[in-house]
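The chain contents come next:
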Amino acid sequence: MTTGTDSSAAPPATLNLWKAGLRSVPAEVWTRTGLRTLILADNDLPSVPPAIARLRNLHTLDLGHNALTRLPEQIGDLTGLTRCLYLHDNRLTELPATLGRLNRLGYLNIGENPLGRLPDSLGAMTGLHELRAQHAALTGLPTSLGRLAGLRELWLRGNQLTGLPATVSGLHALRELELRENALPEIPDALRGLPRLRRLDLRGNKLHDVPHWLADLPALEKLDLRWNSVDHDAAPLRALRERGCVVLA
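**Here's the deal with the environment of Pro-26**
Assignment of secondary structure puts Pro-26 in the loop between strand E1 (14-16) and strand E2 (37-39). It is 47 Å that separates the C-alpha atoms of Pro-26 and Pro-188, two residues lying 162 residues apart in sequence.

And the structure:
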């Protein structure tokens, strides 16, 4: 029988530095090449060095709630990221095109950043099932978004969108779409091709009319049109209510 600490034991696969008061990442972190989860959230990090590319075994990376103004292109080398990448609540004005290399990533949160636009390479992230880009100052979306055939949830609250690209009709797995608090003058025609859409949140836009095809969305269970100037008793809304869809208008 042996006692004491086993010096041959593998180092922990998770490193949690949440709220550690960091202004830079300790150099020792980049030597932990076996890490699977790295949490650096709620610090005061202004940047992440290219050395992050060494952590190729990561499946989860949390950089949320920091002061990041840019990301290194080497973040695209983290091709082992399969679960989550949190980048929300930073000061990012752009995302590197290399993000598109993360084609096995399932969850991406880039909300609460003054981005303005998303890179075309987003469409290469074909493993995404949930994308959160709330309050990101977006005025449009890349047409490549329609290539995310496995996307199930898309959260776009509090942007400046006036429309959606026609390619959105290719998001056949989409179940939940939040477009609350944008500047949409009409319900985008691209949504009529979404056979699995269950919840559609359009609160606080500039809508006046309800298209007839809305009642034909076969899976729609909840439609929220509050804080728009729509006719509460429009025929498509009556049809939706009659089949059991919850309609808030």
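**A few points about the pattern of salt bridges**
According to the stated counting rule, one finds twelve salt bridges in the structure shown. Where Asp-189 meets Arg-192, a salt bridge forms, and the shortest distance between an N and an O atom there is 3.1 Å. Arg-199 serves as the salt-bridge partner of Glu-221, at 4.0 Å between the closest nitrogen and oxygen. Of this pair, Glu-221 sits in the loop between strand E9 (199-201) and strand E10 (222-224) while Arg-199 sits in strand E9, and the two are 22 residues apart along the sequence. Residue classification places Arg-199 among the partly exposed residues on the basis of a relative accessible area of 37%. Taken together, the salt bridges that share partners define one network made up of Asp-201, Arg-203, Asp-224 and Arg-226.

**Section: the confidence of the model for the chain**
Looking at the chain, the pLDDT average stands at 96 and 96% of residues meet or exceed 70. Note that residues 1-5 has pLDDT below 50 and, in this model, zero contacts with residues that lie over four places away or in other chains.

**Considerations on the packing of aromatic side chains**
How two aromatic rings sit relative to each other is set out by the distance from centre to centre and by the angle between their planes. Scanning all chains against the criterion turns up one aromatic pair. Here the basic side chain of Arg-132 rests over the ring of Trp-155, its NZ or CZ set 4.3 Å away from the ring centre. Lying over the aromatic face of Trp-227, Arg-226 brings its terminal NZ or CZ to 5.6 Å of the ring centre.

**Some remarks on the side chain of Asn-43**
Residue position: Asn-43 is located in the loop between E2 and strand E3 (60-62). With relative accessibility at 10%, the residue Asn-43 sits in the buried group. A polar atom in the side chain of Asn-43 sits 3.0 Å from the backbone oxygen of Leu-40. Sequence-distant contacts of Asn-43, that is, excluding residues within four places in its chain, are made with Leu-17, Lys-19, Ala-20, Gly-21, Leu-22, His-65 and Asn-66.

What counts and what doesn't
Residues numbered from 1 in each chain as written. Predicted model: local features only at pLDDT ≥ 70, side-chain atom pairs only at ≥ 80, totals over all residues. Heavy atoms only, no water. Helix = DSSP H or I, 4+ residues; strand = E, 2+ residues; numbered from the N terminus. Salt bridge = Lys/Arg side-chain N within 4 Å of Asp/Glu carboxyl O. Buried < 20%, exposed > 50% of the residue type's maximum accessible area, 1.4 Å probe, protein only. pLDDT = per-residue confidence, 0-100. Contact = heavy atoms within 4.5 Å. Phe/Tyr/Trp six-rings, centres within 6.5 Å; stacked < 30°, edge-to-face > 60°. Lys NZ or Arg CZ within 6 Å of the ring centre and 35° of its normal. Polar contact = N/O pair within 3.5 Å; in protein donor to acceptor, adjacent residues only side chain to side chain.

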